[in-house]
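Per-entry structural report
Read off the chains here:
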Amino acid sequence: LAKTTQPISMDSYEGQEVNITCSHNNIATNDYITWYQQFPSQGPRFIIQGYKTKVTNEVASLFIPADRKSSTLSLPRVSLSDTAVYYCLVGGGGYSTLTFGKGTMLLVSP
Amino acid sequence: KAGVTQTPRYLIKTRGQQVTLSCSPISGHRSVSWYQQTPGQGLQFLFEYFSETQRNKGNFPGRFSGRQFSNSRSEMNVSTLELGDSALYLCASSLGMGASYEQYFGPGTRLTVT
């Protein structure tokens, strides 16, 4: 079971790029890295998932180094509506417990 | 396609009572997971059901139990409620088991124990 460590909070301004790093030193070979976004009083929402190297979709990019012991979620040109808690989740398929870390509270200011 | 639904959305119970929460997954999803979210502990995994069987379980006491029906709908039960059980209970469904599958979360049930 891979434990994750993220910064508790981050601040940014509108239009900036935000990078949130997650450490997962004991990631297993079959583990994937997934990021979720959560707004107050709502359930988390899937952002992006990757296994190695770089993954990009319409809202974010995920960078994973070769040793896979960390990963970085990159949010390009954030807006006020990106203010939320971001969770890094590491785990594989099958009988792997779904463990979310404490998450990173991102505050975007005008 | 309809999302994950949870009922009720809000619930107030008294210490010592029991409560049952319901979750209807997205059509076609066979895995249902339950989470407890509190300000102090964050998002904690309770258990995961797949094909009517509990496949994974988090570190919660036996007062927390659940089940899944043949149509993949799931219920979660908490007996002998304690004040510390006050939390947002989230249900998530996915096509398969485990973290490698995208979890689709419902809006949650806000439980208050007085």
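I will try to describe carefully the structure that is included in this document. Bear in mind the structure is a predicted one, so any value in this text is a computation, not a measurement.

The subject of this paragraph is the overall build of chain A. Each helix and strand counted, chain A has 0 helices and 9 strands in total. Reading the secondary structure of chain A in the N-to-C direction produces β-β-β-β-β-β-β-β-β. Relative to its length of 110 residues, chain A is compact, with a C-alpha radius of gyration of 13 Å against a globular reference of 13 Å. For chain A, the spread of C-alpha atoms along the principal axes amounts to about 40 × 30 × 20 Å.

Moving on, we come to the overall build of chain B. Scanning chain B from N- to C-terminus turns up 0 helices and 11 strands. Written out in order from the N terminus, the α and β elements of chain B read β-β-β-β-β-β-β-β-β-β-β. Per-residue burial for chain B yields a buried fraction of 53% across its 114 residues. Within chain B, contacts between residues separated by at least 24 positions form 55% of all contacts whose residues are at least 6 apart in sequence. Accessible surface, chain B: about 5100 Å² in total, of which carbon and sulfur atoms supply 47%. With 11 positive and 6 negative side-chain charges, chain B shows a separation of 4 Å between the mean positions of the two kinds.

The subject of this paragraph is the nonpolar core. Grouped together as the largest cluster of nonpolar side chains are 21 residues, with contacts concentrated most on Trp34(B), Leu46(B), Phe64(B), Met76(B) and Tyr89(B). Residues contacting Met76(B), with those up to four places away along its chain left out, are Val19(B), Thr20(B), Leu21(B), Trp34(B), Leu46(B), Phe47(B), Phe64(B), Ser65(B), Gly66(B) and Tyr89(B). In this structure, Ile20(A), Ile27(A), Ile48(A) and Leu75(A) belong to the second largest nonpolar core, which totals 20 residues.

The next subject is the state of the cysteines. According to the stated counting rule, one finds 2 disulfides over all chains in the structure shown. A sulfur-sulfur distance of 2.2 Å marks the disulfide that ties Cys22(A) to Cys88(A). Its S-S torsion of approximately -80° makes the covalent link between Cys22(A) and Cys88(A) left-handed. Residue Cys22(A) is located in strand 2 (residues 18–23), and its partner Cys88(A) is located in strand 8 (residues 84–91); the two are separated by 66 residues in the primary sequence. You can call Cys22(A) buried: its relative accessible area is 0%. Of the residues examined, Cys88(A) reaches a relative accessible area of 0% and is grouped as buried. Across the disulfide, Cys23(B) is cross-linked to Cys91(B) (sulfur-sulfur distance 1.7 Å).

Moving on, we get to the interface of chain A and chain B. Opposite the 22 residues of chain A that make contact, chain B presents 22 residues. Together, the buried faces of chain A and chain B total about 1800 Å²; carbon and sulfur atoms form 54% of this surface. Run the count over chain A and chain B and you get 0 salt bridges. Linking chain A to chain B there are 5 residue pairs in polar contact (both at pLDDT 80 or more). The set of elements that each furnish at least two residues to the side of chain A that touches chain B consists of strand 3 (32–38), strand 4 (45–50) and strand 8 of chain A. Residue composition of the side of chain A that touches chain B, grouped by class: 10 nonpolar, 11 polar and 1 charged.

If you add up the space inside the second largest pocket, you get close to 310 Å³. If you go around the second largest pocket, you meet 17 residues; those closest to its centre are Gln38(A), Tyr87(A), Gln37(B), Thr38(B) and Pro39(B). Per-element tally for the lining of the second largest pocket: the top contributor is strand 8 of chain A, with 3 residues. In terms of residue class, the lining of the second largest pocket is made up of 8 nonpolar, 7 polar and 2 charged.

Quick notes on the rules
Residues numbered from 1 in each chain as written. Chains lettered and ligands numbered in written order. Predicted model: local features only at pLDDT ≥ 70, side-chain atom pairs only at ≥ 80, totals over all residues. Heavy atoms only, no water. Helix = DSSP H or I, 4+ residues; strand = E, 2+ residues; numbered from the N terminus. Rg over C-alpha atoms; globule rule 2.2 N^0.38 Å. Buried < 20%, exposed > 50% of the residue type's maximum accessible area, 1.4 Å probe, protein only. Contact = heavy atoms within 4.5 Å. Areas by Shrake-Rupley, 256 points an atom, 1.4 Å probe, with all protein chains shown as cover. Lys, Arg positive; Asp, Glu negative; His and termini not counted. Charge placed at Lys NZ, Arg CZ, Asp CG, Glu CD. Core = buried A, V, L, I, M, F, W, Y, C linked by side-chain atoms within 4.5 Å. Disulfide = S-S within 2.5 Å. Buried area = accessible area lost by both parts, 1.4 Å probe. Salt bridge = Lys/Arg side-chain N within 4 Å of Asp/Glu carboxyl O. Polar contact = N/O pair within 3.5 Å; in protein donor to acceptor, adjacent residues only side chain to side chain. Nonpolar A, V, L, I, M, F, W, Y, C, P; charged D, E, K, R; others polar. 1 Å grid on protein atoms, 1.4 Å probe; cavity = no way out; pocket = protein on both sides within 12 Å on 5 of 7 lines; lining within 4 Å. Points joined across faces, edges and corners; volume = space filled by probe spheres on them.

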